[in-house]
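Summary of structural features
One-letter residues, chain by chain:
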Amino acid sequence: MVSCNWEPIGKVLIRMNVIWRNSVSCLRIRNVPHRYQSGNHPVVPLGSRILTDPAKVFEHNMWDHMQWSEEEKAAARKKVEENSAVRVLLEEQVDQKTEQKLRELSWDHAKTSAADGFSRMHRPTMPQEKNHEERCGSSDSQSKAALHFSNLDSKEHRKGPLKTELFPGSNATFRILEVGCGAGNSVFPILNTLQNAPESFLYCCDFASGAVELVKLHSSYRAAQCCAFVHDVCDEGLPYPFPDGILDVILLVFVLSSIHPDRMQGVVNRLSNLLKPGGMLLFRDYGRYDKTQLRFKKGHCLSENFYVRGDGTRAYFFTKGEVHNMFCKAGLDEKQNLVDRRLQVNRKKQVKMQRVWVQGKFQKPLHLTQKTSKLVFSLLSHG
């Protein structure tokens, strides 16, 4: 039986929890909120900066746990009714193959443009590797497996999962997957923490090949402990580079909203199959009546609460109930499902914006005797 030092893994989970809570800032705004820079955890799950004096609203960039008045709720509903009154015609909506190509091109451009700023922000704190061969860990068996996987012919890859002895991370005892990794905004903070947990392994995927290439070329990428790969989560027949039922944690942050509502359940079902008993899926995405939804103009609505941006990317806006139903149908137990309402302000322009996100933790029914399962639930239940 393989022995395992749980202390480093505990630190990894805590680090992931912090990254997950701050993902909207890291992935969308690309700035770390001031209150988290000290590394201290908020007193309550979704932040502890409460606006008690409206006269002080412009003293900070963000306020937590905002309560909407009935007037504000009515105004938001009216705005959505207005911007969804004119729908994109069915004949103008692209087919699946064209849609995928548009998404890849637009996301490649968006995520690539963000990569340089992210690298400059994080690279000074990351250990530098001497050369590409050392960075890839070519002598390590797991690295060879990753290289073997990346060289597989796509048609052969579609025939089925890889043999167990070949898959990257086969020797690990704790495995993480980030879906929609982009240029690595969450990958490298997690990977940096994993240096002290050699028994852990990080998988990360994105359908934009340019974004995945940026992750692989980063100086802190280590193939001995990380496998970045191109993957379309909407293609339910496309295998992952590892077997089902082996993941301890999945990060699904601002990904599901970009997928057509008719295909979301299939994506969640597939991800659920990747989790081991007791494994946890961490979810965060746009909530109903977020300012992003309210800002859409007429003619951008594809279907109810589902919109297309000018660059072709899509955005759906969830309710807490929709999230609950989707993950529970996939066989996961709800451990947390919260609506995160915040007030974001632009102090320079004196503008106030209501932000709404949905955040959840969903666990695959666990075996009480499994030590890993207990550790995951214990540490992630505090965030």
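Criteria and cut-off values
- Residues numbered from 1 in each chain as written.
- Predicted model: local features only at pLDDT ≥ 70, side-chain atom pairs only at ≥ 80, totals over all residues.
- Heavy atoms only, no water.
- Core = buried A, V, L, I, M, F, W, Y, C linked by side-chain atoms within 4.5 Å.
- Buried < 20%, exposed > 50% of the residue type's maximum accessible area, 1.4 Å probe, protein only.
- Helix = DSSP H or I, 4+ residues; strand = E, 2+ residues; numbered from the N terminus.
- Contact = heavy atoms within 4.5 Å.
- Phe/Tyr/Trp six-rings, centres within 6.5 Å; stacked < 30°, edge-to-face > 60°.
- Lys NZ or Arg CZ within 6 Å of the ring centre and 35° of its normal.
- Pairing = 2+ DSSP bridges.
- Axes fitted to C-alpha atoms, helices over the stretch in contact; angles between N-to-C directions.
- Right-handed = clockwise from strand over helix to strand, strands pointing away.

Moving on, we come to the nonpolar core. Nonpolar side chains tend to gather and get buried jointly when the protein is soluble and globular. Within the largest apolar cluster, 41 residues are counted, with the highest numbers of intra-cluster contacts made by L177, Y203, F242, L256, L271, F283 and F327. Per-element tally for this core: the top contributor is helix α10 (residues 261-274), with five residues. Among all residues touching F327, those that are not within four sequence positions of it are L252, L256, V268, L281, F283, L332 and F362. Judged by nonpolar contacts, the second largest core, of 20 residues, contains I176, I190, L191 and L251.

Turning our eyes to something else, we now look at the packing of aromatic side chains. Scanning the model with the defined rule gives 15 aromatic pairs in all. Seen from their ring centres, F296 and Y307 are 4.6 Å apart, and the 10° between their planes marks the pair as stacked. Of the two residues, F296 is situated in the loop between α11 (291-294) and β7 (301-303) and Y307 in strand β8 (residues 306-308); the sequence distance between them amounts to eleven residues. On the basis of relative accessible area, F296 is assigned to the buried category, the value being 10%. For Y307, a relative accessible area of 0% gives the class buried. Aromatic rings pair up to connect F283, F306, Y316, F318, F327 and F362 into one cluster. For R341, the ring lying beneath its charged end belongs to W68, and the centroid distance is 5.4 Å.

All right, on to the environment of P261 then. Here P261 shows up in helix α10. Residue P261 is classed as partly exposed on the basis of its relative accessible area of 27%. Along the sequence, P261 and E304 sit 43 residues apart, while their C-alpha atoms lie 9.5 Å from each other. Filtering out sequence-adjacent residues up to four positions away, P261 remains in contact with F306 and Y316.

Attention now goes to the sheet that holds β7. What the three strands build is an open sheet, ordered β7-β8-β9; its pairing is antiparallel. Two strands close off the open sheet at either side, each with one partner strand: β7 and β9 (314-316). Neighbour-to-neighbour, the strand axes of this sheet turn through a mean angle of 30°, independent of strand direction.

Another point: the pairing of strand β4 (residues 226-230). Burial within β4 is extensive, with four of its five residues counted as buried. Relative to β4, strand β3 (residues 200-206) runs parallel, the two being bridged by five bridges. Residue C204 lies in a different strand from β4, and its bridge partner there is A228. Regarding the hand of the β-α-β motif, the stretch spanning β3, helix α9 (residues 209-217) and β4 is right-handed.

On to the environment of C301. Residue placement: C301 occurs in strand β7. Counting along the chain gives 14 residues from C301 to A315, while the straight-line C-alpha distance between them is 9.6 Å. Those residues within four positions of C301 in sequence are excluded, and the remaining contacts are N83, S84, V86, R87, V88, F306 and Y307.

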